[in-house]
Amino acid sequence: LLDLPAAVLAREEGAWAQSMFCSVSGGGDEAFLEDSMDFMESLARELAADESVQGVVVVFPDEEFARLCVDQWAPLPPSVRADQIPPEPHRQQRMEAWLDASFVLFMTPVEAERGIIEDFAKLQEQSRAGGRTPAALALVNAPARLSAPYECTFHMEHLELADGAGEPLNPAIVARTWPRTFSLWEDNPDDPDAMDGFFFLGSDEEKAPPVEAVRKQLILQRQAFAERAVWK
């Protein structure tokens, strides 16, 4: 699933602020949380296994969430450290300690955490100005409005949508691995023009397509496939 050298190479190319997204279950909030936990565990382990990575800090929203994940993931590699959003008055000191790692991964951050993310980004800037190589900041499974300014180095999203009448459409996959483009695929093993069961619907250089745009594309593709499927 992961192509983690992309995140490492992007950091080497100066992408100090990254975003990564993985939602493959196509379910609700509970499925998204499980996807996020599984993805973050794989991400932290794979990054830690890279010889060029000197440390990984996973920042959780709160202590309870951190304890839940760490217990499920045990044992973690020694170079992976779990932390939580630090309270005042120790926030500055805790964030400065994060700079010694290669990656600082914010787990499912929300809008309320924008301030601390921006504060850490300022510490990054100060560290680079002082000649240090700071940790790369990465938002993992963050809302689009929060992650939009950051360089997306990995995106894998499974969408199960319906048309206006409630009829299910074929599943869609939105994928990206830096530095390639975002690509949209229809899961249609019945299409002889598909590649390994996936039909290419288009790409975007800048961002993942909105859900409504994907829905419209799938409806159009369903109509086009019906016209082409003379063998059926």
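See the structure above.
First things first, this report covers the structure right here in the doc.

What counts and how
- Residues numbered from 1 in each chain as written.
- Predicted model: local features only at pLDDT ≥ 70, side-chain atom pairs only at ≥ 80, totals over all residues.
- Heavy atoms only, no water.
- Helix = DSSP H or I, 4+ residues; strand = E, 2+ residues; numbered from the N terminus.
- Buried < 20%, exposed > 50% of the residue type's maximum accessible area, 1.4 Å probe, protein only.
- Contact = heavy atoms within 4.5 Å.
- Lys, Arg positive; Asp, Glu negative; His and termini not counted.
- Charge placed at Lys NZ, Arg CZ, Asp CG, Glu CD.
- Disulfide = S-S within 2.5 Å.
- Axes fitted to C-alpha atoms, helices over the stretch in contact; angles between N-to-C directions.
- Parallel < 35°, antiparallel > 145°, perpendicular 65-115°, else oblique.
- Left-handed = near helix turned anticlockwise from the far one by under 90°.
- Nonpolar A, V, L, I, M, F, W, Y, C, P; charged D, E, K, R; others polar.

1. Comments concerning the overall build of the chain
Here's step 1: Across its full length, the chain carries 7 helices and 9 strands.
Here's step 2: Counting only C-alpha atoms and orienting by the principal axes, one finds that the chain spans roughly 65 × 35 × 30 Å.
Here's step 3: In the chain, buried positions account for 45% of the 232 residues.
Here's step 4: Restricting the contact set of the chain to residue pairs at least 6 apart, pairs at least 24 apart contribute 63%.
Here's step 5: Side chains of the chain carry 19 positive and 41 negative charges; the gap between the two charge centres is 5 Å.

2. Here we look at the state of the cysteines
Here's step 1: Counted by the stated rule, this structure contains 0 disulfides.
Here's step 2: Of the cysteine sulfurs around Cys22, a residue in no disulfide, the closest is that of Cys152, at 11 Å.
Here's step 3: Owing to a relative accessible area of 9%, Cys152 belongs among the buried residues under this scheme.

3. What about the packing of helix α2 (residues 29-49) against helix α3 (residues 63-73)?
Here's step 1: As a packed pair, α2 and α3 sit with axes 11 Å apart at the nearest point and diverge in direction by 60°. Judged by the angle between their axes, α2 and α3 are oblique. Of the two possible hands of crossing, α2 and α3 adopt the one that is right-handed. Seen from α2, the contacting residues are Leu33, Met37, Met40, Glu41 and Arg45; seen from α3, they are Phe65, Leu68, Cys69, Gln72 and Trp73.
Here's step 2: For the contact of α2 with α3, a count of residues per class yields 7 nonpolar, 1 polar and 2 charged.

4. Some thoughts on unusual backbone geometry
Here's step 1: Following Ala74, the chain continues into Pro75 via a peptide bond in cis, with omega recorded as -5°.
Here's step 2: Its place among the elements puts Pro75 in the loop between α3 and β3 (80-84).
Here's step 3: One non-glycine residue with positive phi stands out, namely Thr108, at about 40°.
Here's step 4: With respect to the helices and strands, the residue Thr108 is situated in the loop between β4 (103-107) and α5 (114-129).
Here's step 5: You can call Thr108 buried: its relative accessible area is 14%.
Here's step 6: Phi is positive for Asn141, which is not a glycine, with a value near 55°.
Here's step 7: Tracing the chain through its elements places Asn141 in the loop between β5 (136-140) and α6 (144-147).
Here's step 8: Residue Asn141 is classed as buried on the basis of its relative accessible area, which comes to 3%.

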